[in-house]
Amino acid sequence: MSNTYIPRLKWTAAPLVLSVAMISAPVQAQDAAAEEASGDTIVVTGSRIARPDLTSSVPVSVVSQEQIQQTGAANIQDVLNELPSVGQNISRNSTNFSTTGNGIATVNLRNLGSARTLVLVNGRRFVAGLPGTSVVDLNTIPTDLIKDVQVVTGGASAVYGSEAIAGVVNFILDDKFEGIRFHGQGTISDEGDSGRYLASLTAGTAFADGRGHIVVNGSYDRDNGLRSRNRGFSAVDNPNRSSFAAQGLFSPDGRFSSDGTTFTYGPGNSLKPYEGANIDGYNRNQDRYLGVPVERYLVTGLASYELSDNATLFFEGSYAKSKSRSSLEPQAVANTDLVNADGTPYAGIPLSNPFIPTAIRDAMIAEGVTSLAFRRRSNDIFDRSNKNDRETWRAVAGLRGSFADSLNYEVYYGHGETKDYTRSGTVFGPQYVNALNAVAGPNGPVCSINVDADPNNDDAACVPINIFGFNTVSAAAADYVTRGGQLSEYRAKVKQDVFSATVSGEVFELPGGALSFATGFEYRREKSSEDFDEATNLGQTLGNLLTDTRGKYNVKEGFLEVVAPILSDRPFFHYLGLEGAVRYSDYSTVGGVWSWKAGGEWAPIPDIRFRGIYSEATRAPNISELFSAQSETFPAIVDPCDQREGEGDGAPITVPAGSLPAACLAIPAIAAAANAGGFVYSTAQIQTINGFLGGNPNLEEETAKTLTLGAVFQPRFARGLSLTVDYYRIKLKNAIGIIGQQTSLNECMTGNGDALFCDNITRDATGRVTQVDAFNLNTGSFLVSGIDTQVKYSTTFGDAGRFDLAAFWTHLLKQQQTSYPGGPTQKEVGQLDCYSCGRLGTGFRDKVNVSATVGWDNVSLNWRVNYLSSVVDDLTDPNRISTGAYWYHDAQLRFSLDDKKKYDFYLGIDNVFDKKPPVFGDTNPVTFPGAQTSATTYDLYGRLFYAGVDFRF
């Protein structure tokens, strides 16, 4: 995973349509009261205090089990993606090109990144699914066992701890289910692809005269994925195919031009001049996935046993196994990707290679070169696509109950582990060079290392490789350069231990009611490791050099929360209450940090309630940000002091000495060279500039200031109608990220010479840059603000009719990020998520969601609409793009064979009108590889049909 400000991978698979009728607390929470209540109190996410009236000073969106069912979604991520507060996520649509984590599913509130959203299960932390982070893989959550999902946006660190800067998503599982439930569903597109199958069985029963209860769920979910070639908008590389062709391109002059000087092969492996990528190139999209396939196996068990009236044992256990894979075009290899045994750049195939056709050899001789530059795709050598196996298990055991009449307690211990095993094929650079350096032997071509004068470099296994034409590589040569089909391997493991003890209740009466509190202590230990194979660590493969990461930390936390009802049932004070919370966390990494919140509610009359909360939240750096080892890169950067402006050998001097930045001329070696003929770089010097990326154990915590102000209107004269309006603002400082290597060079030499930039740069005695690093730093900031508005209306008609309508509108006021102090601020409202430039996420000015359900007796019809406002993206010049507004429609018909709804059948359509995404082309930075569009924003699948059964016994 990337350690930049925004996750490189993101987002959703199903059409972005509203599937649930959500409303800010207290309205939705009241809807869930019958299901959630235990006695006369309930705990709603956003607070640890149980309250009988379900009011909250912060907006809480609740998605019920019935609303989840109306979406036809097998994976809970597809439901959450449709919440307006949720931004672009890491998903099966955005991870085809990920080094690891293909098919993972996350949630990202307010577009602040998945690492800043805390995921809970039954109010308790869940083990991470992405090694080195706190990010939970939603693939591990059993959709059919979810009773409801409660979402709090805004800083909640004072209540729940780190990672809750953007908010909290709490999955409440149904631990009181009784009976047997079978749920089966099949999905397919109107193109006959994108098949998905779900089978789920849930069983629950009470025992010991109702003192005990046990619930078990097992489910299987298989998503076959979607190929880029199966959709018209993504079937072919646009605007140009890749010049790295399967048959190879060979250029004696190294220019790879279509002017007749570059050679390639046509049908029948006939040698011909290269005519350009769109004629002789490679269509990479024929191999890629729009959505990677994911297969899931889940088993979850919940149990409780009442030891006495004041003590109940409880247990939660879960196991999840997911399999996924990517599909990439075969690896492109050029001579510039290879190095000789002495570490110098590989110039190309030597003239002595007997596989070189006569026409190309003659052109080389005429050009006066002894090495042939080439580009070729490795179709007949290996498959570099990933195969992933992930396992997650978690167990929680605890004791809860009450004492002293009005006090409650809960103590629990939880342990969770995630394992990830990813592997793919690869080519080894040293073997590839040996195989290319062939010479003629008495019985055919042989490797030159075995017949030269140096006996120390012999390799008896070496087989010469012929890359001239389609499918010309022999099985023996492919076996040699892949070291017998050796795989690149990635093994990762995450461990989490949590101990928590909480006491809550009421202590004394105030004029408005009893003062309530919750206090407690938590201890958490996180450990993570990521191990790549030795060849990858050493940079011997043609993929990236990747290093291992190992780290751990622990945190001890104490917290206190108070709710004080000041007045109630008085003129102009139907209710007035204040609340606050404070948490102190002692990390083994960053030391002690404080989080707090303060707010209140005022209801002058029962019909309207005003609420507000201000909080200061924190996020401690994760293991990857702190401890990831240094990985080498070779960035394409230009030294502002280079008078050839990075053009290399043969280029003219375009920057006069007197026009160089003052910081350049302040370096004696540069000034002397500039005045004596030119301070310039050779091509080799440019290509050998390296740098290192990695963690920083000196990082500090991120901090955020969050403000929410809102009102809830429930008029008594209009029964069933409710309206909520909430303003939110989140300002994040000390954001952890990297400063780009080119940015460090530019700011150091043309800015004020700040050490923040200059310390990343190493120059040799001649003044030339040899290394530019980019480590994690606390340098960034984010700002998001907007207005959430929702209207809900429910009514009955006739003897058995019901109508429900919900409309949710999010109006985005600001969304911006600044990478470093004094740097440019990217204003991203109305901009698209940028895959290649690390931009925050799609900032639609307006998102409107409407859900309407009409029911009569045992039949109901749900229609859902999602509106995405138009986009005018001017941050990607010269690739400026714009789109119109987008409307998506979903529908589901559900009917039951009996009045008790034990035997339900349903049919559904996603993207009813088959709305196609806008096409931007592969060269636009907002485009995901293989998608030709923003894969995190728009629906890629088109019209989907699904049908299912839901039987309860």
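About the cut-offs
Residues numbered from 1 in each chain as written. Predicted model: local features only at pLDDT ≥ 70, side-chain atom pairs only at ≥ 80, totals over all residues. Heavy atoms only, no water. Helix = DSSP H or I, 4+ residues; strand = E, 2+ residues; numbered from the N terminus. Rg over C-alpha atoms; globule rule 2.2 N^0.38 Å. Buried < 20%, exposed > 50% of the residue type's maximum accessible area, 1.4 Å probe, protein only. Contact = heavy atoms within 4.5 Å. Areas by Shrake-Rupley, 256 points an atom, 1.4 Å probe, with all protein chains shown as cover. Lys, Arg positive; Asp, Glu negative; His and termini not counted. Charge placed at Lys NZ, Arg CZ, Asp CG, Glu CD. Pairing = 2+ DSSP bridges. Salt bridge = Lys/Arg side-chain N within 4 Å of Asp/Glu carboxyl O. Disulfide = S-S within 2.5 Å. Phe/Tyr/Trp six-rings, centres within 6.5 Å; stacked < 30°, edge-to-face > 60°. Lys NZ or Arg CZ within 6 Å of the ring centre and 35° of its normal. Core = buried A, V, L, I, M, F, W, Y, C linked by side-chain atoms within 4.5 Å. Polar contact = N/O pair within 3.5 Å; in protein donor to acceptor, adjacent residues only side chain to side chain. Arc of directions from axis to C-beta. pLDDT = per-residue confidence, 0-100. Patch = residues over 30% accessible without salt bridge, like charges linked within 9 Å, V, L, I, M, F, W, Y side chains within 5 Å.

**Student:** Would you explain the overall build of the protein in this entry?
**Tutor:** A tally of regular secondary structure across the protein gives 16 helices and 45 strands. Taken over the C-alpha trace, the protein has a radius of gyration of 31 Å; the compact-globule value for 953 residues is 30 Å, and the two agree within 12%. Summarising its shape, the C-alpha atoms of the protein cover approximately 95 × 65 × 50 Å along the three principal directions. Going through the 953 residues of the protein one by one, you find that 58% of them count as buried. A sequence separation of at least 24 residues applies to 72% of the contacts in the protein between residues at least 6 apart. As displayed, the protein offers around 36500 Å² of accessible surface, 55% of which is attributable to carbon and sulfur atoms. Across the protein, the 80 positively charged side chains and the 103 negatively charged ones have centroids separated by 2 Å.

**Student:** For this particular structure, what's the right way to read the sheet that holds strand E2 (residues 117-121)?
**Tutor:** Strand pairing in a sheet relies on backbone hydrogen bonds. The paired strands run either parallel or antiparallel. Spatially, the 5 strands line up as an open sheet ordered E1-E4-E5-E2-E3, and their pairing is mixed. Two strands in the sheet have a free side with no partner beyond their single neighbour: strand E1 (60-64) and strand E3 (124-125). Inspection of the sheet shows E2 paired to E3 by 2 bridges, in the antiparallel sense. In the sheet register, Leu-120 faces E3, and the bridge partner there is Arg-125.

**Student:** Explanation requested: the pairing of strand E45 (residues 944-952) in the structure shown.
**Tutor:** On any regular strand, side chains alternate: one points to one face of the sheet, the next to the other face. In terms of strand pairing, strand E6 (residues 179-189) meets E45 through 9 bridges, oriented antiparallel. In the sheet register, Ile-188 faces E45, and the bridge partner there is Phe-945. Of the pairings in the sheet, the one linking strand E44 (residues 903-910) to E45 comprises 8 bridges and is antiparallel in character. Residue Asp-904 lies in a different strand from E45, and its bridge partner there is Asp-950.

**Student:** Please explain the pattern of salt bridges as it appears in this structure.
**Tutor:** Under the criterion given, the structure shown has 48 salt bridges. For Arg-196, the salt bridge identified is with Asp-78, shortest N-O distance 3.6 Å. Pair noted here: Arg-196 is in strand E7 (residues 196-207) and Asp-78 is in helix H4 (residues 76-80), with a separation of 118 residues, a long-range link. Considered together, Arg-196 and Asp-78 belong to a single accessibility category, that of buried residues.

**Student:** Can you walk me through the state of the cysteines in this structure?
**Tutor:** Among covalent bonds in proteins, the disulfide is the one between the sulfur atoms of two cysteines. Following the criterion strictly, the structure yields 3 disulfides and no others. Across the disulfide from Cys-641 sits Cys-664; the S-S distance is 2.0 Å. The chirality of the disulfide connecting Cys-641 with Cys-664 is left-handed, given an S-S dihedral of about -85°. Of this pair, Cys-641 sits in the loop between strand E29 (631-633) and helix H12 (662-665) while Cys-664 sits in helix H12, and the two are 23 residues apart along the sequence. Here Cys-664 falls in the buried class, since its relative accessible area comes to 0%.

**Student:** How should I be thinking about the sheet that holds strand E35 (residues 774-775) in this particular structure?
**Tutor:** Strand order in the open sheet formed by 3 strands is E29-E30-E35, with mixed pairing between adjacent strands. The outermost strands of the open sheet, each flanked by one partner alone, are E29 and E35. Here strand E30 (residues 691-694) pairs with E35 via 2 bridges, running parallel. The residue bridging Gly-694 from the neighbouring strand is Phe-775, located in E35.

**Student:** Please clarify how the packing of aromatic side chains should be interpreted in this entry.
**Tutor:** For any pair of aromatic rings, the description rests on two quantities: the centre-to-centre distance and the angle between the ring planes. Enumeration over the complete set of coordinates arrives at 25 aromatic pairs. Both rings, one in Phe-951 and one in Phe-953, keep their centres 6.5 Å apart while their planes meet at 80°; by these two values the pair is edge-to-face. We classify Phe-953 as exposed; its relative accessible area is 52%. An aromatic cluster is built from Phe-895, Tyr-903, Phe-905, Phe-951 and Phe-953, whose rings are joined through pairwise contacts. Taking the ring centre of Tyr-421 as reference, the NZ or CZ of Arg-491 above it sits at 4.1 Å. Above the ring of Tyr-681, the side-chain terminus of Arg-768 is found at 6.0 Å from the ring centroid.

**Student:** How should I be thinking about unusual backbone geometry in this particular structure?
**Tutor:** Here the bond from Asn-238 into Pro-239 is cis, since omega is 10°, no more than 30 degrees from zero. One non-glycine residue, Asn-122, lies in the positive phi region at around 55°. Looking at where Asn-122 falls in the secondary structure, it is placed in the loop between E2 and E3. Phi angles above zero are rare outside glycine, and Ala-208 is one such case at about 55°. Mapped onto the fold, Ala-208 is located in the loop between E7 and strand E8 (212-223).

**Student:** When you look at the environment of Arg-483 in this model, what are you seeing that I'm missing?
**Tutor:** Inspection of the secondary structure assignment puts Arg-483 in the loop between helix H9 (475-481) and strand E23 (487-510). Relative accessible area serves as the criterion here: at 30%, Arg-483 is assigned to the partly exposed category. Expressed as a C-alpha distance, the spacing of Arg-483 and Ala-774, which sit 291 residues apart in the sequence, is 33 Å. Contacts of Arg-483, omitting those with residues within four sequence positions, involve Phe-428, Gln-431, Ala-535 and Gln-540.

**Student:** In this structure, what is going on with the pairing of strand E21 (residues 438-441)? I would like to understand it.
**Tutor:** Judged from the 4 bridges that link them, E21 and strand E22 (residues 444-447) form a sheet pairing that is antiparallel. Residue pairing in the sheet places Ala-440 in a bridge with Pro-445 of E22. In this antiparallel pair of consecutive strands, E21 and E22, the connection spans 2 residues.

**Student:** Please clarify how the nonpolar core should be interpreted in this entry.
**Tutor:** The tendency in soluble globular proteins is for nonpolar side chains to be buried side by side. Ile-76, Leu-80, Leu-138, Val-149 and Phe-171 are the most contacted members of the largest nonpolar core, which has 40 residues in total. Those elements that place two or more of their residues in this core are H4, E2, strand E4 (146-153), strand E5 (167-173), strand E32 (721-737) and strand E36 (777-797). What Phe-171 contacts, discounting residues up to four positions off in sequence, is Ile-76, Leu-80, Val-119, Leu-120, Val-121, Asn-122, Leu-138, Ile-141, Ile-146, Asp-148 and Val-149.

**Student:** Looking at this structure, how should I read the environment of Tyr-409?
**Tutor:** Summarising the element assignment, Tyr-409 is placed in strand E20 (residues 407-425). On the accessibility criterion, Tyr-409 (18% relative accessible area) is buried. One polar contact links the side chain of Tyr-409 to the main-chain carbonyl oxygen of Asn-310, over a distance of 2.9 Å.

**Student:** Help me understand helix H15 (residues 741-750) in this model?
**Tutor:** Along an α-helix, a turn takes 3.6 residues, which lines up residues three or four apart on a common side. Looking only at H15, the buried set comprises Gln-741, Ser-744, Leu-745, Cys-748 and Met-749. End-on view of H15: buried residues confined to an arc of 105°, all on one side of the axis.

**Student:** I keep staring at the side chain of Thr-933 and nothing clicks. Help me out?
**Tutor:** Examined against the element boundaries, Thr-933 turns out to sit in the loop between E44 and E45. One polar contact links the side chain of Thr-933 to the main-chain carbonyl oxygen of Pro-918, over a distance of 2.6 Å. Leave out the neighbours within four places in its chain, and Thr-933 touches Phe-233, Pro-917, Pro-918, Phe-920, Val-926, Thr-927, Phe-928, Tyr-938 and Leu-940.

**Student:** When you look at the confidence of the model for the protein in this model, what are you seeing that I'm missing?
**Tutor:** Predicted coordinates in areas of low pLDDT are best not read in detail. Chain-level statistics for the protein give a pLDDT mean of 90 and a share of 93% at 70 or above. Contacts for the low-pLDDT stretch residues 1-40, under 50 throughout, to residues beyond four places or in other chains number 179 contacts.

**Student:** Explain helix H8 (residues 429-436) here, please?
**Tutor:** Burial analysis of H8 places 7 of its 8 residues in the buried class, the great majority of the element. When H8 is considered as a whole, its buried residues turn out to be Gly-429, Gln-431, Tyr-432, Val-433, Asn-434, Ala-435 and Leu-436. Close packing links the buried residues of H8 with strand E16 (332-334), strand E17 (349-350), strand E18 (371-377), E21, E22 and H9.

**Student:** Explanation requested: a nonpolar patch on the surface in the structure shown.
**Tutor:** A surface patch of nonpolar side chains, amounting to about 580 Å² of accessible area, comprises Ile-180, Phe-182, Leu-201, Leu-897, Tyr-903 and Phe-953. Its location among the elements puts Leu-897 in the loop between strand E43 (886-896) and E44. Relative accessible area serves as the criterion here: at 61%, Leu-897 is assigned to the exposed category.

**Student:** For this particular structure, what's the right way to read the side chain of Arg-288?
**Tutor:** Tracing the backbone through its elements, the reader meets Arg-288 in the loop between helix H6 (277-280) and strand E13 (289-291). Within the structure, Arg-288 has its side chain in polar contact with the side chain of Glu-329 (distance 2.8 Å). If sequence neighbours within four positions are ignored, Arg-288 has contacts with Asn-96, Phe-97, Arg-227, Ser-228, Asp-237, Ser-327, Glu-329, Asp-922, Pro-929 and Gly-930.

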